[in-house]
Amino acid sequence: MNWILRRSALGATLAAICGPACSAEPTEQCPSGAAGAADTAGAADTAGAADTAGAASTAGAANAAGAANAAGAAGSSAAPLSVLVFNYTTGFGHQSRETAIPLLQAAAQSNGIHLDLKYALSAVQPEGPSDQSNIAANACAARVDTSAFVPGGLDAYDVVFFLSTTGAPLSADGPEQEIVHQQALQDFIDGKHRGFVGVHSATDTYATWPWYVDMIGASFRTHSVNGTLGTVSAPANVMHPILTRSALPLPWSRPDEWYAFNRDVSTLPGFTVLLDVEDTLNEKRPTAWVHELPGGGRAFYTSMGHGLEAFQDPAVMRLMISGLLWAGHRL
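Residues numbered from 1 in each chain as written. Predicted model: local features only at pLDDT ≥ 70, side-chain atom pairs only at ≥ 80, totals over all residues. Heavy atoms only, no water.

**Points about unusual backbone geometry**
The criterion, for reference: Every helix listed is a DSSP run of H or I at least four residues long, and every strand listed is a run of E at least two residues long, numbered separately from the N terminus. Remark: exposure states derive from per-residue accessible area (1.4 Å probe, protein chains only) relative to the maximum for the residue type, with buried under 20%, exposed over 50%, and partly exposed in between.
With an omega dihedral of -10°, the bond running from L250 to P251 counts as a cis peptide bond. Topologically, P251 is positioned in the loop between α10 (241–246) and β7 (252–256). A positive phi is found at S164, a non-glycine position, where the angle reads about 50°. Relative to the helices and strands, S164 is located in the loop between β3 (159–163) and α8 (175–191). Among the residues examined, S164 registers a relative accessible area of 0% and is labelled buried. Of note, the phi angle at Y206 is positive, near 50°, even though the residue is not glycine.

The following block contains the structure:
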């Protein structure tokens, strides 16, 4: 957001709009790139994610993060999967919602998936504070862009990807517009039968919006300490294209911040539990599942993905990429 300011009005304009956090240069309100959503180049250029982006750009990292095989991307005749990535938070802010973007981008490109990062914030923030509080504290902080969540605004996409959203992420421009944004997402899934993928705290999102909870399946209730070892397994007799394609090392022992939920999705119609997890703090419960909605819409969710290390795990990345492909009707 670069505005040309008249020198005579510079001091008053900066004080009123931006405060002491902004640049004093007469041709620029805020530091270049401070206020804007991610784009293909910007996601890999943020200072906090530079090392991650460098690793992801190598062929080896891309292959480890779920490289395509002949059966994986729904055949060579399928059009590229178009995915809108959205990661705004009004609750806890997971740093991985930003630092994982280069890894996801590398894996997606290797699997015939186009990630549209226009609506994803990429400037790496500290772990914990929400984007909402970051903006309140710093007028130059990046703003969320919800402009796609309007009637017809999602038509170009196959999947909407909530990457560790929290709270009420469609509320940034007020309650009246939030209703418009919510309805656009609902129409995308229920009316146009497209796909949804949620990772980790996507279940710590819109706990008071009944449609959303029913679509994703459950709301976050509690979690283990991050880094807790959990044993991941598939329920008996469950076969699914996501499991086949991701080829997970089951049973699978790995650390994460393991979620427990307010209800058991295995009891809900239209849901199939793909993976359970059992750790030292909570009994066995689902950690990845799919929802086949009436009419043909699809949703995939996994609670894995608290920290960047989850996205650096090739098996986790294969699971997420397979979930995107399935939700977009490519598996």
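There's plenty left to go through after this.
**A short note on α8**
Filter applied, for reference: Here, expected helix span is obtained from the residue count minus one, scaled by 1.5 Å. The arc under discussion is defined with respect to the helix axis, by the directions toward the C-beta atoms.
An ideal rise of 1.5 Å per residue puts 24 Å on 17 residues; α8 measures up with 23 Å between its terminal C-alpha atoms. Of all the residues in α8, the buried ones are E178, H181, Q182, A184, L185, F188 and I189. Looking down the long axis of α8, one finds its buried residues gathered within 155° of arc, a one-sided arrangement. Facing away from the buried side of α8, by more than 90 degrees, are the exposed residues E176, I179 and G191.

**So, the side chain of D256**
Defined as follows: Polar contacts, as used here, are pairs of N or O atoms within 3.5 Å; protein pairs need one atom able to donate a hydrogen and one able to accept it. Residues neighboring in sequence count only if both atoms are side-chain atoms. Residue contacts follow a heavy-atom distance rule, with two residues in contact if any of their heavy atoms lie within 4.5 Å.
For D256, the location among the structural elements is in strand β7. Side-chain polar atoms of D256 contact the side chain of R254, separated by 2.7 Å. If we skip the residues at most four places from it in the chain, D256 touches H200, S224, V225, N226, G227, T228, M304, G305, H306 and A310.

**Considerations on the environment of I242**
Mapped onto the elements, I242 comes out in helix α10. Through-space distance from the C-alpha of I242 to that of A327 is 9.8 Å; in sequence the pair is 85 residues apart. Those residues in contact with I242, other than ones at most four positions away along the chain, are L274, V290, F300, L319, S322, G323, W326 and L331.

**Details of helix α12 (residues 314–327)**
Over its 14 residues, α12 runs 20 Å from end to end, which matches the ideal 20 Å to within 8%, given 1.5 Å per residue. The buried fraction of α12 amounts to 12 of the 14 residues, a majority that puts the element mostly inside the structure. Within two residues after α12, H329 carries a phi angle of roughly 60°, on the positive side.

**Re the packing of aromatic side chains**
Here is the rule: Only rings of Phe, Tyr and Trp enter the pairing, Trp through its six-membered ring, and a pair is recorded when the two centres are within 6.5 Å. The plane angle decides the type: under 30 degrees is stacked, over 60 is edge-to-face, the rest tilted.
Summed over all chains, the structure comprises 14 aromatic pairs. With a centroid separation of 5.1 Å and 65° between ring planes, the pair formed by F162 and F196 is classed as edge-to-face. Taken as a pair, F162 in strand β3 and F196 in strand β4 (residues 195–199) lie far apart in primary sequence, 34 residues in all. Residue class for F162 comes out buried when judged on its relative accessible area of 0%. Here F196 falls in the buried class, since its relative accessible area comes to 0%. Considering the side-chain rings of W209 and Y212, the 5.9 Å spacing of their centres and the 20° angle between planes classify their relative orientation as stacked. Take W209: its relative accessible area is 10%, and that puts it in the buried class. Classification of Y212 by relative accessible area gives buried; the value is 0%.

**Section: the pattern of salt bridges**
Pairs may arise between side chains of opposite charge once their charged atoms sit close together. Rule in force here: We count a salt bridge whenever a side-chain nitrogen from Lys or Arg sits within 4 Å of a carboxyl oxygen from Asp or Glu.
Overall, the coordinates contain eight salt bridges when judged by the stated rule. Residue D158 pairs with R330 through a salt bridge whose shortest N-O separation is 3.5 Å. With a gap of 172 residues between them, D158 in the loop between α7 (131–137) and β3 and R330 in the segment after α12 connect regions that are remote in the sequence. Between R254 and D256 there is a salt bridge; the shortest N-O distance is 2.7 Å. Each member of the pair, R254 together with D256, is buried. Through salt bridges with shared partners, one network takes in R97, E98 and D131.

**Overview of the sheet that holds β3**
Sheet strands associate in pairs through backbone hydrogen bonding, adopting either a parallel or an antiparallel arrangement. Rules: DSSP bridges decide pairing: two strands pair if at least two such bridges lie between them. As a rule, the C-alpha atoms of each element are fitted with a line to give its axis, helices using only the stretch in contact, and angles between N-to-C directions run from 0 to 180 degrees.
Pairing is mixed across the open sheet formed by nine strands, whose spatial order is β2-β1-β3-β4-β11-β10-β9-β6-β7. Edge positions in the sheet fall to β2 (113–116) and β7, since each has one partner strand and no second. Geometrically, the sheet is characterised by an average inter-axis angle of 25° between neighbouring strands, direction not taken into account. Judged from the six bridges that link them, strand β9 (residues 271–279) and strand β10 (residues 285–292) form a sheet pairing that is antiparallel. Looking at β10, one finds that D276 is bridged to P286. Against the sheet, helix α6 (residues 101–109) contacts β2 and β3, and its axis sits at roughly 150° relative to β2.

Purely geometric stuff here, so don't read any function into it on its own.
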